[in-house]
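# Examination of the molecular architecture
Here's the letter readout for the chains.
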Amino acid sequence: MSSKRQQPSSPPGDNTEKRKRRKKREEIAELSPVLDEEEVKRGVKKAWSLRDRYCHENVELDCQPFPHCVIQNFISSETFVENLQRELLDLNFHEKSNDLYKFKQSDDLKKRTEPHISGLRAAMFGQLRSWLGEVLGVDLEPTVDMSCAKYQYTDVLLCHDDELEERRVAFILYLVPPWQSDDGGTLDLYSTDGHFLPRSIVKSLVPSWNTLVMFEVSPVSFHQVSEVLSEDKCRLSLSGWFHGPLLERPPRHVEPPISRSPHLPRDETLLLEWVNPVYLDISYQEQVQQEFEDSSEIQLKNFLKEDKFMEVSEALRRTGNQWTSRGPPNKRRYEAAQADALPPCVGACWELLRSEAFFLLLSNFTGLRLHYLCPADDEEEEENEIVRKAKEEQEDGRHEEATGSSTDSPEEDNEGRVKEPSTPVCAGELRRWSHGDYTLLHDSEAANAEYALDLLLYFGCPDWQSEFGGFTSYVANGEDEELLTVYPEDNSLALVYRDKETLRFVKHINSRSSWRPADGSLRRAFYDFSFVYYE
């Protein structure tokens, strides 16, 4: 039997050997000597408190549009930085993609034992945290919150403010090759309006090797990482947050609700003029309804008659149309048409989607109660019978009241009126989509979510590819996994029924979308009618 030589052991509870081994493994990260200069510390502290500007050698503080500090040559040793970059690139990265971003990210670095990663972590949450706490006059928590991100071609992080989990100061350390603004990947800072909502980009910081950027997390700290446009450069960065007491937040602005309208009094003549005859066949409508009821969604191809589709497509491409930018950028970015200034054929298509005949057609497609002629299911018939009896009882009650008799009251609403079936309504817009456009999920949307039928009718997107973005994703509230994806397709009518737990967004359209189709023209934009119908 073989035996192993036993090593001398330390007394129980003695961590001396562990500490020695850790120190041996961990490389010391020496930060820029300017952090040790009292003059710099006083200057930054004063400028930060007064919302002023300060510059000294490799340190620059600017408080417009919100306080942010840039420290060049942040780590003193170039060899340390190169080794740190090498260790970071050897990490496992996970693809991160949702409505807000697309990039690759490492796991949290708080437990990594690589010598340069652990050495920098110790310096960031030791020396730098202490320095920053003095500058801000705030006790920052010793929380290790740091990870590594790789942004490559078409990767992006859209407009947001970083306010979450007591984050007080955000930091980004760039480890990038020589970088120019036309490579994309800039850190864009937004100005804000009177409602503390982002308005426009007023400053862009270009990534630079061994440069640290810090900014105060606040109700106005809206920023983004612009889309990386270089096909051969990697925007490697190490980022995280220092935690502490949050700044006071003003009440969040509530957007006014989108106006909803009942149907327009237009008969089936409009359908016969516009809609592909196959979709007007009653037996085919029954097939569509069966498929829709099975999956709560359907995509009807070649929905409009070809001549009508081509006429609208051509009218949308004309440069004389009026479009309005839709924001704010922390919620959406695209252009919407002014409904009162549409070309005649486009306006007629708009009327089609709002017409009484179309409401009935949608009822036949989906089985939803969007028109009084739609056959009611058993549950609806029971509800209607209750309403009918309530009306009769109400009338009897009025008669008995007049004659001095008494009877039980029918079911009434808060204002004493007999409840009646709601009137179906819709809200819609015509949108133009191009490079850089998107919509984002938002807390207010989750809070106000309703049962609804979404309609999307596409124009100007032949051979659109999923890698361009611009598709509509449906997700469960609080989840990233997609339930359904609707891709832009010419003359395709998409119908999706969503419940209160389902939200949707349009994925950011990246630079791949600027391609040349078969006709040789440069692809610039596509269009959709986006309508929502409520029973």
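Look a little higher up for the structure.
Think of each chain on its own: its residues are numbered from 1, step by step along the sequence as written. Restriction of local features to residues with pLDDT of at least 70 applies here, the model being predicted, together with a cutoff of 80 or more for giving and counting side-chain atom pairs; totals for whole chains, interfaces and linings are based on all residues. The side-chain figures draw on all heavy atoms in the structure; neither hydrogens nor water molecules are used.

### A few points about the side chain of lysine 507
- A run of H or I in DSSP becomes a helix once it reaches four residues, and a run of E becomes a strand once it reaches two; helices and strands are each numbered from the N terminus. Inspection of the secondary structure puts lysine 507 in the loop between β23 (502-506) and β24 (525-534).
- Burial classes follow relative accessibility: with a 1.4 Å probe on protein chains only, a residue under 20% of its type's maximum area counts as buried, one over 50% as exposed, and anything between as partly exposed. Under this rule, positive means Lys or Arg and negative means Asp or Glu; His and the chain ends count for nothing. The term salt bridge refers to a pairing of a side-chain nitrogen on Lys or Arg with a carboxyl oxygen on Asp or Glu at a separation within 4 Å. Lacking a salt bridge, the buried lysine 507 has glutamate 482 as its closest oppositely charged neighbour, with an N-O distance of 6.8 Å.
- The definition of a polar contact used here is a pair of N or O atoms within 3.5 Å, where within protein one atom must be able to donate a hydrogen and the other to accept one, and adjacent residues in sequence count solely through side-chain atom pairs. A distance of 3.3 Å separates a polar side-chain atom of lysine 507 from the backbone oxygen of tyrosine 101.
- Those residues in contact with lysine 507 that sit more than four places away from it in its chain are Ser97, Asn98, Tyr101, Lys102, Asp437, Tyr438, Gly469, Gly470 and Phe471. By the convention used here, residues are in contact when the closest approach between their heavy atoms is within 4.5 Å.

### What to know about a negative patch on the surface
- Among the surface-exposed residues, Glu479, Asp480, Glu481 and Glu482 lie close enough to one another that they form a single negatively charged patch.
- Assignment of secondary structure puts glutamate 479 in the loop between β20 (472-476) and β21 (482-486). Patches in this entry comprise residues that are over 30% relatively accessible and not in a salt bridge; like charges within 9 Å are linked, as are nonpolar side chains (Val, Leu, Ile, Met, Phe, Trp, Tyr) within 5 Å. The Shrake-Rupley method, run with a 1.4 Å probe, gives the accessible areas here. Residue values count only the displayed protein chains as cover. A single reference atom marks each charge: NZ on Lys, CZ on Arg, CG on Asp, CD on Glu.

### Considering the state of the cysteines
- Count a disulfide wherever a pair of cysteine sulfur atoms falls within 2.5 Å. In the structure shown here, the tally under the stated rule is zero disulfides.
- No disulfide involves cysteine 148; its nearest neighbouring cysteine sulfur is the one of cysteine 234, lying 8.1 Å away.
- Looking at the unpaired cysteine 345, the closest cysteine sulfur is the one in cysteine 349, lying at 8.3 Å.
- The buried category is assigned to cysteine 345, whose relative accessible area is 12%.

### Let's talk about the pairing of strand β11 (residues 211-216)
- Counting buried positions over the six residues of β11 gives six, a clear majority of the element.
- Of the two faces of β11, the one carrying Thr211, Val213 and Phe215 and the one carrying Leu212, Met214 and Glu216 are both buried.
- A pair of strands counts as paired when DSSP detects no fewer than two bridges linking them. The sheet contact formed by strand β8 (residues 167-174) and β11 spans six bridges and is antiparallel. Looking at the pairing, valine 169 lines up with glutamate 216 of β11.

### A short note on the side chain of serine 513
- Looking at where serine 513 falls in the secondary structure, it is placed in the loop between β23 and β24.
- Engagement of the side chain of serine 513 in a polar contact is seen with the backbone oxygen of asparagine 510, the distance being 2.7 Å.

### Considering the packing of aromatic side chains
- Working definition: a ring pair exists when centres of Phe, Tyr or Trp rings (six-membered ring for Trp) sit within 6.5 Å. Plane angles under 30 degrees give stacked, over 60 give edge-to-face, the rest tilted. Scanning the entire structure with this criterion turns up 24 aromatic pairs.
- Here the aromatic rings of tryptophan 464 and phenylalanine 468 are separated by 5.1 Å at their centres, their planes lie at 90 degrees, and the arrangement is edge-to-face.
- Aromatic rings pair up to connect Phe309, Trp350, Phe359, Phe459, Phe529, Phe531 and Tyr533 into one cluster.
- Positioned over the ring face of tryptophan 241 is arginine 167, at 3.5 Å from the centre of the ring.
- Seen from the ring of tryptophan 179, lysine 233 lies directly overhead, with NZ or CZ sitting 5.7 Å from the centre. Two conditions define a charge sitting above a ring: the NZ of Lys or the CZ of Arg must be within 6 Å of the ring centre, and it must be within 35 degrees of the ring normal.

### Examining empty space enclosed by the protein
- Here a cavity denotes grid points, spaced 1 Å and computed from the protein atoms alone, that fit a 1.4 Å probe unable to get out, and a pocket denotes an open set having protein on both sides within 12 Å along at least 5 of 7 lines; residues with an atom within 4 Å of a point are the lining. Grid points are joined across faces, edges and corners, and a volume is the space filled by probe spheres set on the points. One pass over the full model with this rule turns up one cavity of 30 Å³ or more.
- The volume enclosed by the largest cavity comes to roughly 40 Å³.
- Every residue lining the largest cavity is listed: Leu316, Asn321, Gln322, Trp323, Ala337, Gln338, Ala341, Leu342, Pro343 and Leu430.
- Polar here means any residue outside two lists: the nonpolar Ala, Val, Leu, Ile, Met, Phe, Trp, Tyr, Cys and Pro, and the charged Asp, Glu, Lys and Arg; Gly therefore counts as polar. Of the residues in the lining of the largest cavity, the class split is seven nonpolar, three polar and no charged.

### A few points about the packing of helix α6 (residues 282-295) against helix α9 (residues 356-366)
- The angle between two axes is taken between their N-to-C directions and runs from 0 to 180 degrees, where each axis is a line fitted to C-alpha atoms and a helix contributes only its stretch in contact. For the pair α6 and α9, interaxial distance at closest approach is 6 Å and the crossing angle is 60 degrees. The pairing of α6 with α9 is recorded here as oblique in orientation. Residue-level contacts link Gln285, Val288, Gln289, Phe292 and Glu293 of α6 to Leu361, Ser363, Asn364, Phe365 and Thr366 of α9.
- In terms of residue class, the contact of α6 with α9 is built from four nonpolar, five polar and one charged. Roughly parallel means an angle under 35 degrees; roughly antiparallel means over 145; roughly perpendicular covers 65 to 115; every other angle is labelled oblique.

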